[in-house]
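Commentary on secondary and tertiary structure
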Amino acid sequence: MTTLKNQILDVLKATMRAKEMDKLTVIRGLQAAIKQIEVDDRVELGDAQVLAVIEKQIKQRKESVKAFLGANREDLASKEQAEIEVLSQFLPEAMTEDELDSLIAQAIAAQQATSMKDMGKVMNSLRPLIAGRADPAQVSAKIKASLA
């Protein structure tokens, strides 16, 4: 079974051979971020932690896109958007709306959530299940709508 880090390395090698410099820069940045955490914490990151690093990088780029669009810099926004697409290839397949709604309903029932006070418990129980497969902000909004 190949790990996410091995997948990233394979894509890195293929990108180097293809001489796709923009894509190469993004993947090297991702590898550097992973390596930085491993060195700082003296641990070997598993797939879940690598996924968290990828999600963090995507989130940073989405915020940059918003800022660039706000400043009328479509050129920079499109560059960030392209980087998001490169990083997104390492995420697992996204959940469908039905799958997500079903998971949220199960989590609310399992946590016996009845009000907004229980929102944190429900979100925390869902976090490992949605990692890389759904936008936490979207999940949060759906939970709020269900509990309201």
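Structure report, in brief. Counting starts from 1 at the beginning of each chain's written sequence and moves along it residue by residue. Whole-chain, interface and lining totals are the exception, using all residues; otherwise, since this is a predicted model, local features are given only for residues with pLDDT of at least 70 and side-chain atom pairs are given and counted only at 80 or more. Excluded from the side-chain calculation are hydrogens and water; included are all heavy atoms of the structure.

Things to note about the overall build of the protein chain
For the protein chain, the count of helices and strands is 7 helices and 0 strands. For the protein chain, the succession of helices and strands along the chain, N to C, is α-α-α-α-α-α-α. On the principal axes, the C-alpha backbone points of the protein chain span a range of 55 × 45 × 30 Å. Taking all 148 residues of the protein chain together, 31% fall into the buried category. For the protein chain, the accessible surface area stands at approximately 9,400 Å², while carbon and sulfur atoms represent 54% of it. Charged side chains in the protein chain number 21 positive and 22 negative. The centres of these two groups are separated by 4 Å. We count a stretch as a helix when DSSP gives it H or I for four or more residues in a row; a strand needs E for two or more, and each element gets its number in order from the N terminus. Note on classification: 1.4 Å probe, protein chains only; a residue is buried when its accessible area is under 20% of the maximum for its type, exposed when over 50%, partly exposed between these limits. Residue-level accessible areas treat just the shown protein chains as cover; the underlying method is Shrake-Rupley with a 1.4 Å probe. Two residue types count as positive, namely Lys and Arg, and two as negative, namely Asp and Glu; His and chain ends fall outside the count. A charge is said to be at NZ when it belongs to Lys, at CZ for Arg, at CG for Asp and at CD for Glu.

Details of the packing of helix α6 (residues 119-130) against helix α7 (residues 136-147)
Their axes nearest at 11 Å, the elements α6 and α7 cross at an angle of 140°. In terms of their interaxial angle, α6 and α7 are classed as oblique. Note on packing geometry: the crossing formed by α6 with α7 is right-handed. Only P136, V139, S140, I143, K144 and L147 of α7 make contact with α6, whose side of the interface consists of M119, V122, M123, L126 and I130. Asp, Glu, Lys and Arg are counted as charged, while Ala, Val, Leu, Ile, Met, Phe, Trp, Tyr, Cys and Pro are counted as nonpolar; the rest, among them Gly, fall into the polar class. Residues that form the contact of α6 with α7 fall into these classes: 9 nonpolar, 1 polar and 1 charged. Lines fitted to C-alpha atoms define the axes here, with helix axes fitted over just the stretch in contact, and angles between the N-to-C directions of these axes take values from 0 to 180 degrees. Each angle is binned into one of four classes, with values under 35 degrees roughly parallel, values over 145 roughly antiparallel, values of 65 to 115 roughly perpendicular, and all other values oblique. Put simply, a crossing is left-handed when the front helix is turned counterclockwise from the back one by less than a right angle, and right-handed when it is turned clockwise. Any pair of residues with heavy atoms lying within 4.5 Å of one another is described as a contacting pair.

Section: the nonpolar core
Among the nonpolar cores identified, the biggest contains 20 residues, and I8, L30, I34, V50, I54 and F90 are the most heavily contacted of them. Among the elements that take part in this core, helix α3 (residues 47-70) stands out by supplying 6 residues, more than any other. When sequence neighbours within four positions are dropped, the list of residues in contact with F90 reads L4, Q7, I8, V11, I27, L30, L51 and I54. Residues I104, I108, A113 and V122 belong to the second largest nonpolar core, which totals 16 residues. We define the nonpolar core as a collection of buried residues of types Ala, Val, Leu, Ile, Met, Phe, Trp, Tyr and Cys that are connected through side-chain atoms lying within 4.5 Å of one another.

A short note on the environment of P92
With respect to the helices and strands, the residue P92 is situated in the loop between α4 (74-88) and α5 (97-110). Put simply, P92 and V53 are 39 residues apart on the chain and 14 Å apart in space, counted from C-alpha to C-alpha. Leave out the neighbours within four places in its chain, and P92 touches L51, A131, G132 and R133.

Here's the deal with the packing of helix α2 (residues 21-41) against α3
Close contact between α2 and α3 brings their axes to 10 Å; oriented N to C, the two are set at 125°. The orientation of α2 with respect to α3, classified from their angle, is oblique. Note that α2 runs across α3; the crossing there is right-handed. Counted together, V26, G29, L30, A33, I34 and I37 of α2 and V50, V53, I54, Q57 and R61 of α3 form the full contact between these two elements. Split into classes, the residues belonging to the contact of α2 with α3 amount to 8 nonpolar, 2 polar and 1 charged.

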